[in-house]
Amino acid sequence: MHTLRRGLTVTGIIVLILALILLGIYLFLFRVYIPNNLAKQSFPQTEGKIELAGLDQAVDIYRDTMGIPHIYAATLHDLFFAQGYVHAQDRFWQMDFWRHIGSGRLAEMFGESQVQTDAFLRTLGWRYLAEQEYERLSEESKAILNAYSEGVNAYLNDHQGAALSLEYAILGILNRTYTPEPWRPLHTLTWAKVMAWDLAGNLDEEIERAILLGSLSPDEVTELYPPYPEDHPSIVQVSSETAQAEPAPLVELDAHWWQATAVQSAVQRSQANLQALHSLLGSGGNGFGSNSWVVGGSRSSTGKPILVNDPHLGIQMPSIWYQIALHCRPKSAACPFEVAGFSFAGVPGVIIGHNDRIAWGFTNVGPDVIDLYIEKVNPQNPYQYEVNGQWVNFELRTEVIQVSGSQPVTVTVRISRHGPVISDTYGPLKDEIDEKDKDAQPFRQKAGIELPESYAIAMRWTALEPTLVFEAIWGFNQAKNWLEFRQAARAFAVPAQNLLYADVDGNIGYQMPGNIPIRAKGDGRLPVPGWTDDYEWTGYIPFEELPYTLNPPQGYIVTANNRVPPPNYPYLITTDWDYGFRAQRIVDLIEKGPGKIDLAYMQKMQGDSYDASTAYLLPLLMQIPLEDTYQQNARQLLQNWNGQATLDSPVAALYAAFWKHLLFLTFGDDLPSDQPPKGGDRYFEVLRQIVQQPESRWWDDQTTPDQVENRDAILQRAFAEAVKELQKTLGNDPLAWRWGDLHTATFRHATFGQSGIAPLEALFNRGPFPSSGGTSIVNATGWDTSLGYFVIWVPSMRMIVDLSDLNNSLTVHTTGQSGHAFHPHYIDMADLWRTIQYYPMWWKEEAVMQNMESHLQLAP
């Protein structure tokens, strides 16, 4: 016994020593060596002089106190050369990762785990489209792209491994053979396709409707997708002479195709893969959108327009935006750029911002520009499909995916007349209906139609045609007035954006651009048969007939992904608008605000955290009987609440928990288990409608067949569950509850930040940060009720442009300018962002000099 006890003691000491050694190694590597030594190898030179081959003349790069570069160059070539250089200095890992997504080459970096993703991305064929687009560009546009690529490559020539970015040191452990290739113009052009996919419209809704039709009636699905509310604003108020037909009832749109078990299974698997791609891109989510508005001089304190923009995108690290200012010195016909704002690392020019004459902002239109077609496949030959009673050959393309650490994988892409067959790679969709599916044949008989025994799903999407979207961007950068801005907008084919405009002469305007399909039949709400011409696209809405307005009489324009045209517009853009709660709130704040709106009020508007669902739910909640005194006392917090979801608010925490439980108790028992209610603007409107029906079938709990619940019973139960949850998570004192303790923002690195390896994630991720706001709120820090209260999409930047004095403009974005972990500008904006604070958007050269942090000169 003494010997055993002694042996255990010795073993314990050895284990303890080994644990301490490992702990010491961990602390040294992750707390000392990597932050203080390895990471700093990638911090770029921002002071002094660097000589580079290829420049025409010297270029001056001044970085202000937020690390934002202001570039001054004598030639167009040097201006974009320098932009490429500074993008590579601060964000090359981000650029490299995004170009591998655009070309479907992630497996080259990360191995076998990315083969399926690459196969789908190769199926879409973005690289081939980019090659076609490059050939169509003007010579000036090619010169911009080539100069930019030269600048990126000038940086790559002198930097490799950890000197390029910390991520390459980590990747080198996993993939020792990987070396970044030179940057090419095609890498920039594929980036446009990635963003087009990210903002592609209603594909999620189309798939979700098809899934819901497997268990709900068409009328029930229609209730869950109500029409746009007529008491909420449209962006363009001027009416057209021709009225658009009301959408047909869902049951008439071939919903029966999606009720067979085999088809439901395939669609559900496709949805899972769509969500996986959203996760890769840091996108997706109900309520995903943006805000932008402008007031004219008649409503501003300056007598000139003030333009505001905050695009809502998936939370990520680093920020998707890279702020920059580009100045030709001097500005001339040969070098016509003088512009500041937000760029994408990997893309020359400024995406959103202002030049010396105009300012512009974007929000997503969300048009229905993707249709899924069911193609009948020849059971005897999988490379043929039916068109109007005849078998025709698929176009075939062979793709070879290079895989780090493994053998190449060959993929054969089938392309129908509608587009690529995505059921081969877009999730494990099967091309043939399982003949053993016992539910399929009886349903065919019930529906009175012949469901295809062998099929594939093809996708038609406007972004799978060559477009010149960056020529539109560079046109905005140079435009001097509304006519030039609108002319440039003609090239903005996809992704269609709400283009908001203001200029120094006092004009405000709006233009919707884009290739918006005109359909022979149907409205794009569901996948459709592809073997006849019944559902073909017959053309695009002419640009001259797309909605626009200039200097509207109300003196302001608001875009928040709400309906664009008035109700009687003659063309279909989509049936899946955002439901307009944010837009209505912005309109109310303008209409009921001070007589003359200033920049401080615009900041207050961008930080507004009013939850519009409180207007119709709180009066009901306050009058229902509650079970006990504790619940009654907790409810007293709501008594005089103004509906603001501020981060330190106990009431906001209570209401958010109530909202979450209300959705699940009302809809969770009716929806498929893998399609839970997620919240967002659509459920704002659905609940707004059914609270007016106290005995609606949705209130009845299907899990209690012996009783029938009504509205008040579910409200009572939801509140009780909310109080119980917060007691458990935040403590027994309701006054100590805080919304920000539940609603936190963590900025996660797109690759290593989601590895599941805690020490590795800690190197790159930052947070959690307590945050205000919420879903379908102007301060749109979105969360998903099926996942938790944490933030999943954000106002990715906030910008306020003062057209009376551009140097007064204000801005902030989410993380920081630098993409290098542990750099001083890696996360220095987060606290400003979450507390709705700003920094100056310096424009005048003397202001830049006075607020300069560093000066780097690039010399030939």
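This text goes with the structure placed above it.
Here is what the cut-offs are and how they apply
Residues numbered from 1 in each chain as written. Predicted model: local features only at pLDDT ≥ 70, side-chain atom pairs only at ≥ 80, totals over all residues. Heavy atoms only, no water. Pairing = 2+ DSSP bridges. Helix = DSSP H or I, 4+ residues; strand = E, 2+ residues; numbered from the N terminus. Axes fitted to C-alpha atoms, helices over the stretch in contact; angles between N-to-C directions. Parallel < 35°, antiparallel > 145°, perpendicular 65-115°, else oblique. Left-handed = near helix turned anticlockwise from the far one by under 90°. Contact = heavy atoms within 4.5 Å. Nonpolar A, V, L, I, M, F, W, Y, C, P; charged D, E, K, R; others polar. Core = buried A, V, L, I, M, F, W, Y, C linked by side-chain atoms within 4.5 Å. Buried < 20%, exposed > 50% of the residue type's maximum accessible area, 1.4 Å probe, protein only. Disulfide = S-S within 2.5 Å. Salt bridge = Lys/Arg side-chain N within 4 Å of Asp/Glu carboxyl O.

### A short note on the sheet that holds strand β3 (residues 69-73)
Within a beta sheet, neighbouring strands are joined by backbone hydrogen bonds and run either parallel or antiparallel to one another. In spatial order, the strands read β1-β30-β2-β3-β6-β7-β8-β9-β16-β17-β21; together these 11 strands make up an open sheet with mixed pairing. Whereas interior strands pair on both sides, the edge strands pair on one side only; in this sheet they are β1 (48-51) and β21 (548-550). The average angle at which neighbouring strand axes cross in this sheet is 15°, direction not considered. Pairing between β1 and strand β30 (residues 852-859): four bridges, direction parallel. Looking at the pairing, E51 lines up with A859 of β30.

### Quick notes on the packing of helix α2 (residues 76-103) against helix α6 (residues 139-158)
Between α2 and α6, the shortest axis-to-axis distance is 7 Å and the interhelical angle comes to 50°. As far as their axial angle goes, α6 and α2 are oblique. Like other packed secondary-structure pairs, α2 and α6 cross with a definite hand, here right-handed. In this structure, α2 contributes L76, H77, F80, F81, Q83, G84, Y85, H87, A88, Q89, F92 and M95 to the contact, and α6 contributes E140, I144, A147, Y148, E150, G151, V152, A154, Y155 and L156. When its residues are assigned to classes, the contact of α2 with α6 shows 14 nonpolar, six polar and two charged.

### Points about the nonpolar core
The biggest cluster of nonpolar side chains holds 168 residues, and the ones touching the most others in it are W197, W461, F476 and L858. Residue contributions to this core peak at 14 residues, all from α2. The next biggest cluster of nonpolar side chains, apart from the first, holds 58 residues, and it includes V221, V651, L726 and L742.

### Describing the state of the cysteines
Tallied over the entire structure, the rule returns one disulfide. One disulfide in the model links C328 with C335; its S-S distance is 2.0 Å. Looking along the S-S bond of the C328-C335 disulfide, the torsion reads about -75°, which is the left-handed sense. Accessibility assignment for this pair places C328 and C335 in one class, buried.

### A short note on the packing of α2 against helix α7 (residues 166-174)
For any two helices packed against each other, the geometry is given by the interaxial angle and the distance between the axes. Where α2 contacts α7, the axes come no closer than 8 Å and their chain directions differ by 50°. As judged from the angle between their axes, α2 and α7 are oblique. Taken together, the residues of α7 that come into contact with α2 (itself represented by F92, W93 and D96) are E167, Y168 and L171. Classifying every residue of the contact of α2 with α7 gives four nonpolar, no polar and two charged.

### What about the pattern of salt bridges?
Applying the stated criterion to the full structure yields 38 salt bridges. Between K376 and E386 there is a salt bridge, with the nearest N and O atoms lying 3.9 Å from each other. Taken together, the residues span a long stretch of sequence, with K376 in strand β10 (residues 370-378) and E386 in strand β11 (residues 381-387) at a distance of 10 residues. When sorted by exposure, K376 lands in the same class as E386, which is buried. The partner of R417 in a salt bridge is D533, with the nearest N and O atoms 2.7 Å apart. Remark: D533 occurs in the loop between β19 (528-529) and β20 (537-540) and R417 occurs in the loop between β14 (409-415) and α12 (440-447); sequence separation between them is 116 residues.

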